[in-house]
Amino acid sequence: MITLAHFLVVGACLFAAGLYAVLARRNAILVLVGIELMINASILNLVAFGRYDKTFYGGQAFALFAIVLAAAAVAVALAIILNVYKHYKTVNPEDIRNLKD
Amino acid sequence: MPTQTCPLLATLAAVILPLAAFVLSAALGRKAKSGVVSIAAIALSLLAAGYVFSQVWNQSVLRAQWEWFTVGAHAFHVGILVDNTSALMLLLVNIIALPVHIYSIAYMKGDPGIHRYWTYLSLFCFAMLGLTVADNLLLMYICWELVGFASYLLIGFWFTRESAVQANKKAFIMNRIGDIGLLIGIAIIYSSFGTLDIHTLFGPQALVAGGYLSGGWLTTAGLAFFLGAMAKSAQFPLHGWLPDAMEGPTAVSSLIHAATMVAAGVFLLARVFPLFNQTTLLVMTVTGSVTALAAAFFALTQYDIKRILAFSTISQLGFMMVGIGTGMHHVALFHLTTHAFFKCLLFLCAGVVIHEMQHLREKQALDIDPQDIRNMGGLRAAMPVTFGTMLIASLALTGFPLTGGYLSKDALLVHAFEWAALQPTAVKIIPYLLTAVSVLTSFYIFRLLAKVFFGTPATQKLSGGIATVHDAPMLMRVPMLFLAACSLFPLFTFHPLNDGHVWLLQGLMPDTMLPPLGALHLAIPLLTLGGTLAMAFLAWKWYVQARYPLAPRGVLYRLSLRQGYLDAVYDRVAVRPVLILAQFLRWIDGRLVDGLVNSVAGVGRSLASAALWTDFRMIDGLVRFIGKFASGLGNVLRRTQAGRVQQYLALAFFIVLVVLLYHIFAQA
């Protein structure tokens, strides 16, 4: 029997993998992938908790919203990465330090 | 009084001219080498003095006074008082000074400091002339000090010589002792009578004779004045400076230390004569005789030609003191006058001899003292004029008939006998003592003459050089001949053997005379003449024919040569204690006074360094700590602002994690 805890464990693993990717990858695209992983982990949690709301399906509705929002965010983020690449000729976040000022 | 105006102006001119010459020479500095200014001043001064003398002598007394300054209700004056005594001294100083000035042209020729010489000489003449005509004791004291100061400058004229510096210090300090005496005397007079005017105090209606002053104070004042005169006139035991003063140029010795400055003491005593009571006069007489005897004794064995003459001067000053002490100040002044001429001449002759010996030394490259009579001999043929004039002066010194010295010395001795006849037993010996001294005088002066002008020089080298010695040049010869003429009797009287007709004595005659002893006027001259001839014979026998019979190492001989060991005694008694005291005071000054100041300063310094430490460590430290802290914190924090996105994210995650964990554990 698959319980809520299984979902949460899978979600936590996904989140951890995404977090690792965000913090450690040397490529902005893969950082973006990590972000997607973390969003998906949270969506999985929404869906998993959604079974406690059988009247309105709030969890599933929010999950759909989140997927749409994630898609929009990926589009914006890719556009930013493209521009960054044009500007810096690299997508390695280690090399882009203009935020320090 | 209009009739007095001219003499008054002449007196002023006589005094002021040398002062003007002094100021001018001092202003000209090195350019005043020729001495024309000084000589012109003294010549004009002599003319003025001669005119004053002709107007004043045995006529009216010249007086003028101007108010000088006022202290409270007491006015002090400057003024002129010219009576017979003053007029005589005024003329005498000038008449001696002029030949000496002229002589100096030749004597000081080529000296690098000659401009100073003329300046000092003019200053001295001004001071001395001022002293003679000053009408009050204050002015007189000022001139008295100036005389001492000018003498100090002239004794130390060759100040590169250590001995000259020692000598002028000695003269200055010894004179200072006398000056204190004079100052005390003046103070006593002023506090008792409220005036310093000489005419009021000591004139015909002498205030001091009025009995206002009690006996003790009168004696004290008299002794104080006498102390002043003792130092200035080199009386025993304050005579030590005069022989040492021979370090000055010989012309200076002749002017200052024979004829004028040393006479100032005698002149002072003659001026204030009414002040002295019997006690003071007796002290003077005794001091004078002791001086005369001691100095003559010291003169017997000296080898330095100038020192012999210096002791001779002291001895003759002793005679003058006896003259004052016996109440016969006119005789003292007469002896002063004759002595001034012949002693000045003696010094000038000695100057010529020294001058030539100096040349001889340079020419022959000898290592001799040009003043030592042992190196001289046989100079008579080479310098006949010097020999002749010196012989005249020496005969005048011994009191040989036909000279001025005969008249004055005879008068002095006769008066001393007359005075002694009235005295109690103990001091009756004094005139005999003086007669003996005059015999000693003959001996030492003939010894000098014999050694210098007769016989043969001590060494072969010297006798070879004698031929090159020549007589005094014209500029020296004329003053010497002039003074030689003045040393003879015609200047003073037409009667060569009797002092009763001397105009000078008649002009200065005091009111009361001692009862005369008739036979003395025959006995004394015969006695002194006999003594003189005997001594001349003795000197001839001993020194010219070189049959000296005595061992030159006797006790008396050494005592005489060392001047009674007085200098050694002074050194022990006065100089050493003063030096020890000075060292002790220096120690006090260095340790206590300076130590106190230093320790106070030390406390202040350590306070300051403590304050500095506080300021530096505490206040500055705090400020610096704050700065360092802020900058350190910044250093730490800026590591977090490296611009790395992932690092920021990691940090954010970490903080969220911490907050989460906190919440979890806080709830648990």
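Residues numbered from 1 in each chain as written. Chains lettered and ligands numbered in written order. Predicted model: local features only at pLDDT ≥ 70, side-chain atom pairs only at ≥ 80, totals over all residues.

K.L.:
Help me out: how do you make sense of the overall build of chain A in this one?
P.N.:
From N to C terminus, chain A includes 3 helices and 0 strands. Whereas a compact globule of 101 residues would reach a radius of gyration of roughly 13 Å, chain A reaches 17 Å, over 25% beyond that. Counting only C-alpha atoms and orienting by the principal axes, one finds that chain A spans roughly 50 × 25 × 25 Å. By the burial criterion, 14% of the 101 residues in chain A qualify as buried. Across chain A, contacts joining residues at least 24 apart in sequence account for 44% of those joining residues at least 6 apart. (Helix = DSSP H or I, 4+ residues; strand = E, 2+ residues; numbered from the N terminus. Rg over C-alpha atoms; globule rule 2.2 N^0.38 Å. Buried ≥ 20, exposed ≤ 12 C-beta atoms within 10 Å, placed from the backbone. Contact = placed C-beta atoms within 7 Å.)

K.L.:
Help me understand the interface of chain B and chain A, please; the structure alone is not making it clear to me.
P.N.:
When the parts come together, some accessible area is lost, and that loss is often what is quoted as the size of the interface. On the side of chain A, 9 residues touch chain B, which itself brings 9 residues to the contact. The class makeup of the residues in the side of chain B that touches chain A is 5 nonpolar, 3 polar and 1 charged. (Nonpolar A, V, L, I, M, F, W, Y, C, P; charged D, E, K, R; others polar.)

K.L.:
Quick question: what am I supposed to make of the domain arrangement of chain B here?
P.N.:
Split by domain assignment, chain B resolves into domain 1 (1–179), domain 2 (280–561) and domain 3 (569–637). Between the C-alpha centres of domain 1 of chain B and domain 3 of chain B the distance comes to 55 Å. (Domains from an automatic or database assignment.)

K.L.:
How should helix 16 (residues 404–421) of chain B be read in this particular structure?
P.N.:
Because an α-helix completes one turn every 3.6 residues, residues spaced three or four positions apart along the sequence face the same direction. Its 18 residues place the ends of helix 16 of chain B 26 Å apart at the C-alpha level, agreeing with the 26 Å of an ideal helix rising 1.5 Å per residue. Burial runs high along helix 16 of chain B: 16 of the 18 residues are buried. (Expected span 1.5 Å × (residues − 1).)

K.L.:
Would you take a moment to explain the pairing of strand 1 (residues 62–71) of chain B for this structure?
P.N.:
Every regular strand shows the same layout, with side chains that alternate between the two sheet faces. As paired strands, strand 1 of chain B and strand 2 (residues 74–82) of chain B are joined by 9 bridges and run antiparallel to one another. Residue pairing for strand 2 of chain B: Phe69 of chain B is matched across the bridge by Phe76 of chain B. (Pairing = 2+ DSSP bridges.)

K.L.:
Would you mind going over the environment of Thr640 of chain B with me for this structure?
P.N.:
Residues and elements named next belong to chain B. Here Thr640 shows up in the loop between helix 23 (566–638) and helix 24 (645–667). Given 11 C-beta atoms within a 10 Å radius, Thr640 is considered exposed. For the pair Thr640 and Leu651, spaced 11 residues apart in sequence, the C-alpha to C-alpha distance is 8.8 Å.

K.L.:
Could you clarify how one ought to interpret unusual backbone geometry in this entry?
P.N.:
All names here are of chain B. That bond from Phe236 to Pro237 is cis: its omega, 5°, falls within 30 degrees of zero. Among the secondary structure elements, Pro237 is positioned in the loop between helix 8 (215–232) and helix 9 (241–244). Notably, Leu402 is not glycine yet its phi reads approximately 80°, a positive angle. Along the chain, the position of Leu402 falls in the loop between helix 15 (384–398) and helix 16. For Leu402, a count of 15 C-beta atoms within 10 Å corresponds to the partly exposed category.

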